[in-house]
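# Summary of the model geometry
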Amino acid sequence: KVLLLFAFLHGLMLLLSCGTPEPTTIHIGGRAVSGVGRELSFTPMEQYFIAYYVFFFVWTMELCNALNMFEIAYATVIWYYSPTVQGEREVPWFPVLRGFFVGFAYHFGSLALGAFILGVLIIFRLILVAMAKIATEAAAGNPVAKCLACGCVCCFEALESEAQKMTRSAYIEIAIKSTPFCQASKDSADFIWRDGSSIA
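Throughout what follows, the structure given in this document is the object of discussion. All figures in this text were calculated on a predicted structure; none of them were measured in a lab. (Residues numbered from 1 in each chain as written. Predicted model: local features only at pLDDT ≥ 70, side-chain atom pairs only at ≥ 80, totals over all residues. Heavy atoms only, no water.)

This part is about the overall build of the protein chain. Looking only at helices and strands, one finds six helices and four strands in the protein chain. Beginning at the N terminus, the succession of helices and strands in the protein chain can be written as α-β-β-α-β-β-α-α-α-α. When the backbone C-alpha atoms are referred to their principal axes, the protein chain occupies close to 90 × 40 × 25 Å. Counting the 200 residues in the protein chain, one finds 29% classified as buried. Residue pairs in contact within the protein chain that sit at least 24 positions apart in sequence constitute 59% of those at least 6 positions apart. Accessible area of the protein chain: about 13,500 Å², with a carbon and sulfur share of 69%. The protein chain carries 13 positive and 15 negative side-chain charges, and their two centres are separated by 4 Å. (Helix = DSSP H or I, 4+ residues; strand = E, 2+ residues; numbered from the N terminus. Buried < 20%, exposed > 50% of the residue type's maximum accessible area, 1.4 Å probe, protein only. Contact = heavy atoms within 4.5 Å. Areas by Shrake-Rupley, 256 points an atom, 1.4 Å probe, with all protein chains shown as cover. Lys, Arg positive; Asp, Glu negative; His and termini not counted. Charge placed at Lys NZ, Arg CZ, Asp CG, Glu CD.)

Take the pairing of strand 2 (residues 31-41) next. When strand 1 (residues 20-28) meets strand 2, the two strands line up antiparallel, connected through eight bridges. Counted as the bridge partner of E22 is E39 from strand 2. A loop of two residues connects strand 1 with strand 2, the two strands running antiparallel in sequence, and G29 in this loop sits at a positive phi of about 60°. (Pairing = 2+ DSSP bridges.)

An α-helical turn contains 3.6 residues, so a residue and the one three or four places further along point in the same direction. Over its 31 residues, helix 4 (residues 108-138) runs 44 Å from end to end, which matches the ideal 45 Å to within 8%, given 1.5 Å per residue. For helix 4, the complete set of buried residues consists of S110, L111, A112, G114, A115, L118, G119, L121, I122, I123 and A132. (Expected span 1.5 Å × (residues − 1).)

Enumeration according to the criterion identifies 14 aromatic pairs in this entry. Arranged with centres 6.0 Å apart and planes meeting at 35°, the rings of F55 and W59 form a pair that is tilted. Placement of the pair is F55 and W59 together in helix 2 (residues 44-81), with a separation of four residues, close to one helical turn. On the numbers, 5.9 Å between centres and 25° between planes, the contact of F70 with Y74 is stacked. With a gap of four residues between them, F70 and Y74 both fall in helix 2, about one helical turn apart. A relative accessible area of 0% places F70 in the buried class. (Phe/Tyr/Trp six-rings, centres within 6.5 Å; stacked < 30°, edge-to-face > 60°.)

Right under this line is the structure:
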């Protein structure tokens, strides 16, 4: 995951270097002074590329998290359902590595769908937090606008937290029953709704 992070950051730096540097202009004592600093400007197509790249980065990181969660769930399922011989469990070798290969070979689409949903929610949360910050700075004397902006961010963070719990439960359900992501989400939600008090 760390290697992917460095590779993505390197690619982002290369993508950002496609921008055109332009001098900034500031006004000092009524006179315009140009060339003191520079900022990068991007064409609309380059802005789309950057937005796509950032989303792909978030999606890939969430996919790595999903694969890690699936590996642990799969290893736990292997341990739990392995037969007991003379008081000891006969667990196969390298259950986490097996979980990686099973998740990558047989359940990659389900894991990618769950990671996509979380990636979209993370991007929306980041956009909402940025908009709330701009709104609170623009309406510095308006406590109602600040309260509404913070309330929206809080509600969306709660939604994202619940979505993370549901996808985590869905990954466990996939490891146990090998069901597709949507069915696993529904089954895990039904289980939590029905027996949530017994597992809390």
